[in-house]
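Chains, contacts and geometry: an overview
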Amino acid sequence: PIAGYLFVLGIGAPWLYWVLRIRVRKYRLMGRFDDVAEEFKGGWAYNVCTWMQERALCCALICCLPARMADTWDSVGLVPYWEGVRRAFCCCLLYLSGCGICGAFIPGGHRSDIRDFFGFGDKVKGNVELSDYCCYLCCPICCVIQEAKHVDAALEVLPPPSRIPWHMRQEAAEEEEAEDVLEEPPGLLMMGDLI
């Protein structure tokens, strides 16, 4: 029975999740910090006790915890989906074997990186903040659901990506502002018109 559960947790559910959700995703948050809505910057949009309202997600995590963690990490652009599944599965194995102290480092580090992405972390890539480590140590499911809801909600309100690169959109906006300043208001006479 344990081998079957580990197969479902590590291979079956992540593959099904990839087919139904990851493969059909149109875009990710990676590289689009300026397009993210302000309500997601500066702090978590949902508190850590959000799991109490998300009973269906809690039940689904019994079979697809590594897939859901990998989805969140992939959405932000921290690691590709299948690499995230591998890391999350290793983390789950550490928790199941009673070594949660070691297992909390992997997702704790990614939680710190998510906070850095949204602008309310310590801005040091790759480190594990103590608060994030302790959060995963005490209640990993709470953290997974909080991160998932925050990232999913940010993706939901994210406008579709523009085909024009960001630096070219910025230059075009600056040129439009310059043209607006240079245009003369209608009805005014210039000094040359009087002569």
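Above this text sits the structure in question.
My aim in this report is to walk through the structure given alongside it, one point at a time.

Conventions and cut-offs
Residues numbered from 1 in each chain as written. Predicted model: local features only at pLDDT ≥ 70, side-chain atom pairs only at ≥ 80, totals over all residues. Heavy atoms only, no water. Helix = DSSP H or I, 4+ residues; strand = E, 2+ residues; numbered from the N terminus. Buried < 20%, exposed > 50% of the residue type's maximum accessible area, 1.4 Å probe, protein only. Contact = heavy atoms within 4.5 Å. Phe/Tyr/Trp six-rings, centres within 6.5 Å; stacked < 30°, edge-to-face > 60°. Arc of directions from axis to C-beta. Patch = residues over 30% accessible without salt bridge, like charges linked within 9 Å, V, L, I, M, F, W, Y side chains within 5 Å. Areas by Shrake-Rupley, 256 points an atom, 1.4 Å probe, with all protein chains shown as cover. Salt bridge = Lys/Arg side-chain N within 4 Å of Asp/Glu carboxyl O. Lys, Arg positive; Asp, Glu negative; His and termini not counted. Charge placed at Lys NZ, Arg CZ, Asp CG, Glu CD.

**Considerations on the environment of D74**
Mapped onto the elements, D74 comes out in helix 2 (residues 55-76). Note on D74: relative accessible area 8%, which makes it buried. Measuring from C-alpha to C-alpha, the distance between D74 and R28 comes to 7.7 Å, with 46 residues separating the pair along the chain. Residue contacts for D74: discarding those within four places in its chain leaves I22, R25, R28, V79, P80 and Y81.

**Side note on the packing of aromatic side chains**
Each aromatic ring pair is summarised here by two numbers: the centre-to-centre distance and the angle between the ring planes. Under the definition given, this model contains six aromatic pairs. Centroid distance F33 to F117: 6.3 Å. Interplanar angle 85°. Geometry classified as edge-to-face. Residue F33 is found in the loop between helix 1 (2-22) and helix 2, and its partner F117 is found in helix 5 (residues 105-117); the two are separated by 84 residues along the sequence. For F33, a relative accessible area of 31% gives the class partly exposed. A ring pair is formed by W44 and F120, whose centres lie 5.2 Å apart and whose planes are at 80°; its orientation type is edge-to-face. Within this pair, whereas W44 is found in the loop between helix 1 and helix 2, its partner F120 is found in the loop between helix 5 and helix 6 (130-138), the two being separated by 76 residues in sequence.

**Digging into helix 6**
Within helix 6, burial applies to D132, Y133 and Y136. The buried residues of helix 6 occupy an angular sector of 100° when the element is viewed end-on, so they sit on one face. The outward face of helix 6, more than 90 degrees from its buried face, is lined by the exposed residues L130 and C138. Against helix 3 (81-96), helix 4 (100-103), helix 5 and helix 7 (140-156) lie the buried residues of helix 6.

**Let's talk about a nonpolar patch on the surface**
A cluster of nonpolar side chains, contributed by I2, Y5, I62, L93 and L96, occupies part of the molecular surface with about 480 Å² of accessible area. Mapping I62 onto the fold places it in helix 2.

**Quick look at a negative patch on the surface**
Side chains of E171, E174, E175, E176 and E177 sit close together on the surface and give a patch of like negative charge. Mapped onto the elements, E175 comes out in helix 8 (residues 166-182). By relative accessible area, which is 52% here, E175 ends up exposed.

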